[in-house]
Amino acid sequence: MLDHSATPPARDDTGGEGSGGAPGPARPGPLARVMRRKPVEVLIADGGKGEGGTLRRSLGMWQLTMISIGATLGTGIFVVLGEAVPDAGPAVTLSFVIAGLTALFSALSYAELAGTIPVSGSSYSYAYATLGELVAWICGWCLILEYGVSVAAVAVGWGDYLNELLRGTLGVTIPTALAAPPGDGGVFNLPALLVVLLAMAFLLGGARESARANTVMVVVKILALLLFCAVAFAGVRAGNYTPFMPLGMAGVSAAGATLFFSYIGFDAASTAGEEATNPQRDLPRAIILSLVIVTALYVLVAAVAVGAHPWRDFEGSEAALAGILTSVTGHEFWAVLLAAGAVVAIASVVLTVLYGQTRVLFAMSRDGLVPAFLSRVHPRTGAPRANTVVVSLFCGALAAAVPLGRLADATSIGTLFAFALVNIAVLVLRRTRPSMPRAFRAPLAPLTPLLGLGLCLWMMGSLDEATWVVFGVWMAAGLALYFGYGVRRSRLAATTEK
């Protein structure tokens, strides 16, 4: 008769053996250590918990939608037409649709994961649950590049529009020495620093107060764009739409690749997973709804702009919308009003993108991969104050004193890399946890995540060599930081190796 008590020793998930008087589990090898995955249930259980306090759940679907719109709708539509219209002609409206559909594939993956894993950290947290710690770190490092440098780049643009507003209203401008960084003809970009510090002040008050301020700013910039359409519509001429596609489909595609980066930011709502009142329901809706609203506004504004202004005249125009209003009305009043709307619009982008940056670092800090003080929560406001101050001062200094150049271009490749990982994460979680409840499921999966992944890789491949060099240097620095600090301080490793 078989002795059922003599069973083989149990094998744990690291490959070690442990039974009776045998030694405890073997220490995992280097590869297994960096590829540990944080269980979804643990991610959700840790939700909101920081050092000394918790984040407060106060954001509904409306606020989450406004966060995504706030991070997306800004500098793109106010400056991008001058770059895209010469490539596509009047068919730039079609280019906006193509770019929006490209973003939609990744947005569907974000929506599924945001409803399934409703935590701070966005794609960093999704990668930690599906692809392992090292990949999660790389993703988080890309998000730091995307959010951090984007804040600085957008803040520089805010200073340009502020100068335009001051010139139109008071007849004065900020001296170049105080409106541009060294290397760009100035000494210190004071407006860029000021708008970052203003956003910091709102964020220190808490998520709910920041969301209220952002909602007001988003409404203002939507009204500014609708005002542009109403005023410029008087100048629309049917002849300006012909030929509709002067440079063919190749021109439409080239413009679409440029315009794709006007959609970056819709993922900002996914960083608010631990401050949403009903994240499983509201996060997917907010992500998709914000993308639909932004796309509709882009197409409407572009259609009116090319109808009111010959497409060949857009070449080299950095303030195309303001110029169109002046041309149509013969007065600068409307252009000044639009500049005021642009100032508010770009300030909203700074606020929401800075918010996303702090929440990604909050999640990474809680996991032990960056210093613990970054996840310390103020008991009164429920905001990670030290995190917010450090991130704001860093981004403000970057905007004020450093010519961004190619570093700003690298935000695009960092964003696309994070988007690609999210599409992969959806496929992995569908395979490893098929029965997990999902508030939203990406339709036609695995087709849509694969299309999202393919389009992200295609756009990454279209970026120039200098951008890849900057990205490579940034990744090397991130890996050095991870292996020098994060891998030794990882709380997941400490828990599983006890």
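What you see is a predicted model, and the numbers here were worked out from it, not measured in a lab. (Residues numbered from 1 in each chain as written. Predicted model: local features only at pLDDT ≥ 70, side-chain atom pairs only at ≥ 80, totals over all residues. Heavy atoms only, no water.)

Section: the overall build of the protein
In step 1: Regarding its fold elements, the protein presents 19 helices and four strands.
In step 2: The C-alpha atoms of the protein give a radius of gyration of 24 Å, which matches the 23 Å a tight globule of 498 residues would have.
In step 3: For the protein, the C-alpha atoms occupy an extent of roughly 100 × 45 × 40 Å along the three principal directions.
In step 4: The buried share among the 498 residues of the protein stands at 54%.
In step 5: When contacts within the protein are restricted to residue pairs at least 6 apart in sequence, long-range pairs at least 24 apart make up 82% of them.
In step 6: Looking at charge distribution, the protein has the averaged site of its 32 positive side-chain charges lying 10 Å from that of its 29 negative ones. (Helix = DSSP H or I, 4+ residues; strand = E, 2+ residues; numbered from the N terminus. Rg over C-alpha atoms; globule rule 2.2 N^0.38 Å. Buried < 20%, exposed > 50% of the residue type's maximum accessible area, 1.4 Å probe, protein only. Contact = heavy atoms within 4.5 Å. Lys, Arg positive; Asp, Glu negative; His and termini not counted. Charge placed at Lys NZ, Arg CZ, Asp CG, Glu CD.)

Let's talk about the confidence of the model for the protein
In step 1: Here the protein shows a mean pLDDT of 85. Residues at 70 or above account for 91%.
In step 2: Within the protein, no element has a lower average pLDDT than strand β1 (residues 10-11), which sits at 38, and none a higher one than helix α7 (residues 123-130), at 94.
In step 3: Segment residues 1-22: pLDDT under 50, and 16 contacts once partners within four positions in sequence are set aside and those in other chains are kept. (pLDDT = per-residue confidence, 0-100.)

Notes on the packing of aromatic side chains
In step 1: Within this structure, the stated rule accounts for 14 aromatic pairs.
In step 2: Each ring, one from Phe417 and one from Phe471, has its centre 6.0 Å from the other, and the planes form 55 degrees; the classification is tilted. With Phe417 in helix α16 (residues 406-432) and Phe471 in helix α18 (residues 465-489), this pair connects stretches of sequence that are 54 residues apart.
In step 3: A relative accessible area of 24% means that Phe417 is categorised as partly exposed. (Phe/Tyr/Trp six-rings, centres within 6.5 Å; stacked < 30°, edge-to-face > 60°.)

Considerations on the side chain of Ser68
In step 1: Turning to its location among the elements, Ser68 is positioned in helix α3 (residues 61-72).
In step 2: When near neighbours in sequence (up to four residues on either side) are disregarded, Ser68 contacts Gly265, Phe266, Ala268, Ala269 and Ser290.

Some remarks on the environment of Ser490
In step 1: Assignment of secondary structure puts Ser490 in the loop between α18 and α19 (491-496).
In step 2: Residues Ser490 and Asp367, 123 residues apart in the sequence, show an inter-C-alpha distance of 6.1 Å.
In step 3: In this structure Ser490 touches Tyr128, Glu133, Asp367, Gly368 and Leu369, once residues within four positions along its chain are discounted.
In step 4: Looking at Ser490, its side chain comes within polar contact range of the side chain of Glu133, at 2.6 Å. (Polar contact = N/O pair within 3.5 Å; in protein donor to acceptor, adjacent residues only side chain to side chain.)

Some thoughts on the nonpolar core
In step 1: By size, the foremost hydrophobic cluster in this structure holds 147 residues, and its most contacted members are Leu73, Phe78, Leu81, Val92, Phe96, Phe228 and Leu321.
In step 2: Of all the elements, helix α8 (residues 133-169) adds the most residues to this core, at 21 residues.
In step 3: Residues in contact with Leu321, not counting those within four places in the same chain, are Ile77, Phe78, Leu81, Leu225, Phe228, Val301, Ala305 and Leu338. (Core = buried A, V, L, I, M, F, W, Y, C linked by side-chain atoms within 4.5 Å.)

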